[in-house]
Number of protein chains: 2
Amino acid sequence: MADRVELITYADRLGGDLPGLAHLLATRFAGLFGGVHVLPFFRPFDGADAGFDPADHTEVDARLGTWDDIAALAQAHDLTVDVIVNHVSSSSPQFLDWLAHGSDSEWDGMFLTFAGAFPDGATEDVLMRLYRPRPGLPFTPYTLADGTKRLLWTTFTSQQVDIDVRHPTTRAYLRGVIARIAAAGVRRVRLDAVGYAVKTPGLTSFMTAETFRFIDDVTAWCHEQDLEVLVEVHSYYRRQIEIARQVDRVYDFALPPLVLHALLAHDADPLLAWMAIRPTNAITVLDTHDGIGVVDVGADGTDRSRPGLLGPDQLDALVESIHDASGGTSRLATGAAASNVDLYQVNCTFYDALGRSDDRYLLARALQFWTPGTPQVYYVGLLAGTNDIELLNRTTVGRDVNRHHYTSAEIDESLTRPVVQALLRLIRFRNAHPAFGGDCVVDGGGSAVTMTWTSGADLARLEADVATGAATVTWTADGTQLTAPLDGLP
Amino acid sequence: MADRVELITYADRLGGDLPGLAHLLATRFAGLFGGVHVLPFFRPFDGADAGFDPADHTEVDARLGTWDDIAALAQAHDLTVDVIVNHVSSSSPQFLDWLAHGSDSEWDGMFLTFAGAFPDGATEDVLMRLYRPRPGLPFTPYTLADGTKRLLWTTFTSQQVDIDVRHPTTRAYLRGVIARIAAAGVRRVRLDAVGYAVKTPGLTSFMTAETFRFIDDVTAWCHEQDLEVLVEVHSYYRRQIEIARQVDRVYDFALPPLVLHALLAHDADPLLAWMAIRPTNAITVLDTHDGIGVVDVGADGTDRSRPGLLGPDQLDALVESIHDASGGTSRLATGAAASNVDLYQVNCTFYDALGRSDDRYLLARALQFWTPGTPQVYYVGLLAGTNDIELLNRTTVGRDVNRHHYTSAEIDESLTRPVVQALLRLIRFRNAHPAFGGDCVVDGGGSAVTMTWTSGADLARLEADVATGAATVTWTADGTQLTAPLDGLP
């Protein structure tokens, strides 16, 4: 896949539906994005977890379009699509059939029960060792049609029933989903929440050796279908490095908090330290449909004696600085009060996290784009969007603060703003300059950062001071060397 | 204890505080109530479960008054006070000390952990056999000061930590609480949620043989202090009958739904059937600070083949009829949407449950007062109160719909209403007429109910038609026999 900037977006919140999104990409955003990640568009796309709990994972929600629309997008762009491997919706036909018929259901065995995970029972020690994204135990009682009560493993919400990925029925189900996606010409699948997919009694059951074997299996099924695999795991940074060695692609989820720390605390050292060790087979991000991950730069959640990329005091200060910069709106959207699925994330648009400073926001994007990997831009960040308090209040879902529904008029208005125009120029520069096909050298210390890409005679250098927010770019063009402030790129 | 009508009320919601409540009882309500049950007044009286989660169970909340105020109330009335035997607050000094010091705490052993309950672990079968007032598992993780994670048994909210009633430390704690209450001259203690207090691996752990032995122990501790014991258990009606045989006093929680069924479905037969078998060492109620219990007249929750006093269709119709009668306000306050502690209760004032019909409400009270046992009237019912949607919206606690805070002006205004005046006359009649010291004969069928008390030459008869709501009372007075409509009592 070409190392050009990618877009990540919902099908409904940017262009209204799949044809609307395709139209935007062909007109206002023409030539900007090599790849596009369309967040779950399955039926229904607007369930308890905003598409990550489809009732039918092989059906495009008719309100958004058809598989033909997906195929058309895949013709024009390298398309990424989610495969939800950890669970199915409690309203899926498979689960409803099992509730109705129990052991006579053809899907019996597909759903992970407490007894299935712990046939001999579980002790407190075993239960407390489980690594969880939320407080409380991951189990929900369901009553079958015959009155039998069963306890189902539910890692996320009680409407998302975990599946037993060891069972042949489950594996056939997952292969069917992957085949349907591949048939539309999709280039890459993202394995959602795969870190939690394999449960092993007595272990944390998060990214264990058995999880890696499962990822290997899924990767093999995907490669058979010419699909690349992107693994979504929020985790301790050393574990992320290990994971990156074993899979096609990972996210660099450490980058967003480190860039924020640099720009808010005027301290680039933790970012520079990460640059020296980070994996480069990464999708780089500043913002996603989820919150800004704190766990990715914190101490090891399973062994607090292993320090993170930021210390506890730096992390606390970072979270407070984001809340200050956003005028307190991120505080309303974060933590237990906001029905958060993941308590370890701060919900805020990246533009608001930087206090709506155009200069610092543009510098954050430049730091992202100069970092080795494939840069991905979230649709709200593309338009330098601000926190949507109205939507948050309506849904009381914390993450909705960064999931605005854009009208066409809002898109057109956003595109006229200088910060968005400068960002589009930066994206085109990143896509076009040949130096980015070469190697990157990072230097600096304190508040200074210099990142230099060279490829033969071509050069693209970013020189920045994270304390002042000043940044210049030096680049080669037609044999000469030019320098301009970051917002002065051609 | 004299068989006169009792009042049940919060200390703060009727008269503002304990002295205010005492003043009301001595003035506006003078001579009305033989006994008074003051709901938890411990510190704090306004925690996560409205007083049932005190941080200090031996301290009167200073905002309400002092132990001297309790003693003064106990001088004037037969006073009932709650003893919370199932749990302590997570903010109690005992639990905080244990979180800080673990096994070095003097309270170690007092709190029921998963490992304490299931030293060898628990299977799905064992977990699903537990009888629970709420969906989900009754466990909450807590982290001790040294980083140890423990899983605590929490039957109700996660802030109410169950205690191990087998442990000597717990038993000494409970005896201390009982002694403090007895020292104030209290006459009766109510054992709150005692049905859940004893956990036995492999059993429902609800009102098991071991629970009865625990109740026997607590009863013995109370009798040593001249305290009568009232057991609060919502349960299948046959189990209630068994429980009543083994304790001083129970509630008749089947009465409210059966009276409502009679008056809303025009069918007195289930009520008449219950009259023939119900225990008479009961406190009769229509309304309490909790919701209207459905479980008390439904099929056996642990064995659905054992039918209840109402069939499933009758129960469904009853719940819908209540919602209809209340104009839909009870629906807002009931079920999972309203943060209900107990999903098997309908939250509604009794007056609203009868569509604010004065005649039917008065008839319901007459049916209660004619039923053998000690009649108890909830403060909202005393004033024929309506659903407090404003309070419900503010707290989002379903039961608050029936927990209005009365100002003095509201009390005075309510006392002028004909329905309240008729109710006060009915209470005085029930307290004063000598026939109620004798025996009761119940007769009727279809929509007709006749209940006749006789004692020597004294007689007090209620004749009612639950379809029309018409009711007359016939009674002896000074050797003659009088008859009047229910609202025409002297």
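Rules behind the numbers
Residues numbered from 1 in each chain as written. Chains lettered and ligands numbered in written order. Predicted model: local features only at pLDDT ≥ 70, side-chain atom pairs only at ≥ 80, totals over all residues. Heavy atoms only, no water. Helix = DSSP H or I, 4+ residues; strand = E, 2+ residues; numbered from the N terminus. Expected span 1.5 Å × (residues − 1). Buried < 20%, exposed > 50% of the residue type's maximum accessible area, 1.4 Å probe, protein only. Arc of directions from axis to C-beta. Contact = heavy atoms within 4.5 Å. Least-squares fit on C-alpha atoms with pLDDT ≥ 70 in both. Pairing = 2+ DSSP bridges. Axes fitted to C-alpha atoms, helices over the stretch in contact; angles between N-to-C directions. Salt bridge = Lys/Arg side-chain N within 4 Å of Asp/Glu carboxyl O. Phe/Tyr/Trp six-rings, centres within 6.5 Å; stacked < 30°, edge-to-face > 60°. Lys NZ or Arg CZ within 6 Å of the ring centre and 35° of its normal. Domains from an automatic or database assignment. Buried area = accessible area lost by both parts, 1.4 Å probe. Polar contact = N/O pair within 3.5 Å; in protein donor to acceptor, adjacent residues only side chain to side chain. Nonpolar A, V, L, I, M, F, W, Y, C, P; charged D, E, K, R; others polar.

## Let's talk about helix α11 (residues 312-325) of chain B
Residue and element names in this part refer to chain B.
Inference 1: Across its 14 residues, α11 extends 20 Å between first and last C-alpha, which sits within 8% of the 20 Å expected from 1.5 Å per residue.
Inference 2: For α11, the full list of buried residues reads Leu315, Leu318, Ile322 and His323. Looking down the long axis of α11, one finds its buried residues gathered within 130 degrees of arc, a one-sided arrangement. In α11, those exposed residues whose orientation departs by more than 90 degrees from the buried face are Asp313 and Asp324.
Inference 3: Where the residues of α11 are buried, they touch α9 (255-265), α12 (329-332), β15 (345-346) and α13 (350-353).
Inference 4: Looking one or two residues past α11, Gly327 carries a phi angle of roughly 70 degrees, positive in sign.

## Structural notes on the relation of the copies chain A and chain B
Inference 1: Laying chain A over chain B is done by rotating through 179 degrees and shifting 0.3 Å along the axis; what remains is an RMSD of 0.1 Å. Each copy turns onto its partner about a two-fold axis.
Inference 2: A share of 100% of interface residues in chain A that are also interface residues in chain B marks the association as one of identical surfaces.

## Focus: the sheet that holds strand β10 (residues 188-192) of chain B
Residues and elements named next belong to chain B.
Inference 1: Around the barrel, eight strands lie side by side as β1-β2-β5-β10-β11-β12-β13-β16; this closed barrel has parallel pairing. Across the sheet, the axes of successive neighbouring strands diverge by a mean angle of 30 degrees, strand direction being ignored.
Inference 2: When strand β13 (residues 282-284) meets strand β16 (residues 374-378), the two strands line up parallel, connected through two bridges. Residue pairing in the sheet places Thr284 in a bridge with Pro375 of β16.
Inference 3: Strand contacts of helix α6 (residues 168-183): β5 (78-84) and β10, with the helix running at about 160 degrees to β5, the strand carrying the most contacts.

## Concerning unusual backbone geometry
Inference 1: For the peptide bond that leads from A:Arg43 to A:Pro44, omega is -10 degrees, which places it in the cis range.
Inference 2: Looking at where A:Pro44 falls in the secondary structure, it is placed in the loop between β3 (42-43) and β4 (56-60).
Inference 3: The backbone of B:Ala193 sits at a positive phi, close to 55 degrees, despite the residue not being glycine.
Inference 4: Mapped onto the elements, B:Ala193 comes out in the loop between β10 and α7 (209-224).
Inference 5: Exposure remark for B:Ala193: the relative accessible area of 7% places this residue in the buried category.

## Looking at the pattern of salt bridges
Residue and element names in this part refer to chain A.
Inference 1: Applying the stated rule across the entire model yields 56 salt bridges over all chains.
Inference 2: Here Asp300 makes a salt bridge to Arg239, at a shortest N to O gap of 3.1 Å. With Asp300 in the loop between β14 (292-293) and α11 (312-325) and Arg239 in helix α8 (residues 237-246), this residue pair connects regions lying 61 residues apart in the sequence.
Inference 3: Owing to a relative accessible area of 1%, Asp300 belongs among the buried residues under this scheme.
Inference 4: When salt bridges that share partners are traced, they join Glu6, Arg188, Glu228 and Arg249 into one network.

## Thoughts on the packing of aromatic side chains
Residue and element names in this part refer to chain A.
Inference 1: The tally for this structure, following the rule as stated, stands at 54 aromatic pairs over all chains.
Inference 2: Judged by centre distance (5.6 Å) and plane angle (55 degrees), the ring pair of Phe436 and Trp453 falls under tilted. Placement of the pair is Phe436 in the loop between α18 (418-432) and β17 (439-445) and Trp453 in strand β18 (residues 448-455), with a sequence separation of 17 residues. Comparing Phe436 with Trp453 shows no difference in burial state: the two are buried.
Inference 3: One aromatic cluster in this structure is built from Trp370, Phe429, Phe436, Trp453 and Trp475.
Inference 4: Above the plane of the ring of Tyr10 lies Arg13, whose end atom (NZ or CZ) is 4.6 Å from the centre.
Inference 5: One cation-aromatic arrangement involves Arg430 over Trp453; the distance from NZ or CZ to the ring centre is 6.0 Å.

## Examining the sheet that holds β18(A)
All names here are of chain A.
Inference 1: With respect to topology, five strands assemble into an open sheet ordered β17-β18-β19-β20-β21, the strand pairing being antiparallel. On the outer flanks of this sheet lie β17 and β21 (480-485), each paired with one strand and no other. Averaged over all neighbouring strand pairs, the angle between strand axes comes to 15 degrees, with direction disregarded.
Inference 2: Along the sheet, helix α14 (residues 358-370) makes contact with β17, β18, β19 (458-465) and β20 (471-477), crossing β19 at roughly 140 degrees.

## Here we look at the domain arrangement of chain A
All names here are of chain A.
Inference 1: We note that the domain assignment places domain 1 (6-85 + 167-436), domain 2 (93-162) and domain 3 (438-488) within chain A.
Inference 2: Between the C-alpha centres of domain 1 and domain 2 there is a distance of 28 Å.
Inference 3: Residue-level contacts link 25 residues of domain 1 with 24 residues of domain 2.
Inference 4: Of the roughly 2,100 Å² buried at the junction of domain 1 and domain 2 (both faces included), carbon and sulfur atoms supply 66%.
Inference 5: Across the contact surface, domain 1 and domain 2 share one salt bridge.
Inference 6: The partner of Asp162 in a salt bridge is Lys199, and the shortest N-O contact between them spans 2.7 Å.
Inference 7: Linking domain 1 with domain 2 are six residue pairs in polar contact (both at pLDDT 80 or more), by the criterion used here.
Inference 8: For the side of domain 1 that touches domain 2, the residue count by class is 13 nonpolar, eight polar and four charged.

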